[in-house]
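# Examination of the molecular architecture
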Amino acid sequence: MLAFLAPNLQLNSVLDLAVDQLRPAGIRGLLLDLDCTLKDYHAETVPERVLAWVDQMRSAGLRLCLLSNGKPRRIERFSKTLGMPFVAKAFKPLPFGCYRGLRTLALPADQTAVVGDQLFADVLAGRLAGLFTVLVRPTSPAEPWFTRLKRPLERFVLRCLNARQQRVPQTVHT
Ligand SMILES: [Mg+2]
């Protein structure tokens with residue numbers, strides 16, 4: 001059960017995600033979480049370096065879509081800034097938002113990655129939908145209370161997963 005939650009990749013930041021890590025896995029599209037993944041939770045703008053990273057991904061031919069549990073009006077505003085479509089009210093960790101994202105990208109699950117900062121939302125939703133999963137560290141510790149509640153359990157599960165991984169050394173699970 002625990003192994004089911006294991007993300008394919010764990011990175012410090014979305015900025016560390018490179019096309020070279022995705023191509024070997026056949027990934028052609030990304031479903032991107034917004035809050036604490038592309039920007040701080042309370043931030044009204046996306047940092048320049050993240051906008052540059054988005055451009056880089058797009059130039060490499062990857063299809064991009066926001067995938068957020070946030071309300072449509074707020075997510076739509078960021079989707080315009082980022083120049084990509086969006087799925088709001090995704091209800092992660094349920095997989096249905098991922099399915100909507102796949103339809104938006106017009107890609108199958110096995111060619112798409114979900115990228116986010118929460119094991120029990122982004123990664124679990126991606127795993128349930130059969131996607132490649134990338135877990136990044138949250139951009140800032142400022143988070144809503146319901147997210148903070150999940151963090152201790154998340155840290156515990158990640159420690160268990162990483163300890164297990166160290167016994168069987170490998171960086172990318174497929
Ligand atoms: Mg998030």
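Up top is the structure.
Now for a quick tour of the structure. (Residues numbered from 1 in each chain as written. Predicted model: local features only at pLDDT ≥ 70, side-chain atom pairs only at ≥ 80, totals over all residues. Heavy atoms only, no water.)

### Let's talk about a nonpolar patch on the surface
Together, Phe91, Leu94, Phe96 and Tyr99 make up an exposed nonpolar region whose accessible area comes to about 430 Å². Following the sequence through the fold, Phe91 ends up in the loop between strand S4 (86-87) and helix H4 (96-105). Among the residues examined, Phe91 registers a relative accessible area of 56% and is labelled exposed. (Patch = residues over 30% accessible without salt bridge, like charges linked within 9 Å, V, L, I, M, F, W, Y side chains within 5 Å. Areas by Shrake-Rupley, 256 points an atom, 1.4 Å probe, with all protein chains shown as cover. Salt bridge = Lys/Arg side-chain N within 4 Å of Asp/Glu carboxyl O. Helix = DSSP H or I, 4+ residues; strand = E, 2+ residues; numbered from the N terminus. Buried < 20%, exposed > 50% of the residue type's maximum accessible area, 1.4 Å probe, protein only.)

### Structural notes on the pattern of salt bridges
For the structure on display, the rule yields nine salt bridges. The salt bridge involving Lys92 is made with Asp33; its shortest N-O contact spans 3.0 Å. Of this pair, Lys92 sits in the loop between S4 and H4 while Asp33 sits in the loop between strand S2 (29-32) and helix H2 (48-59); the two residues are 59 residues apart in sequence, bridging distant segments of the chain. Asp33 gets classed as buried once you look at its relative accessible area, which sits at 6%. With a closest N to O distance of 2.4 Å, Arg151 and Glu143 form a salt bridge. According to the relative accessible area criterion, Arg151 is buried, its value standing at 8%. Through salt bridges with shared partners, a single network forms among Asp117, Glu143, Arg151 and Glu154.

### Focus: the coordination of the magnesium ion
Those protein atoms acting as donors to the magnesium ion are Asp33 (OD), Asp35 (O) and Asp117 (OD), and they sit at 2.1 to 2.2 Å. Mapped onto the sequence, the residues coordinating the magnesium ion show the spacing D-x1-D-x81-D. Note that Asp33 is positioned in the loop between S2 and H2 and Asp117 in the loop between strand S5 (112-116) and helix H5 (119-129), a separation of 84 residues in sequence. Looking at Asp117, the relative accessible area reads 2%, which means it is buried. (Donors = N, O, S within 2.8 Å, 3.2 Å for Na, K, Ca; no water.)

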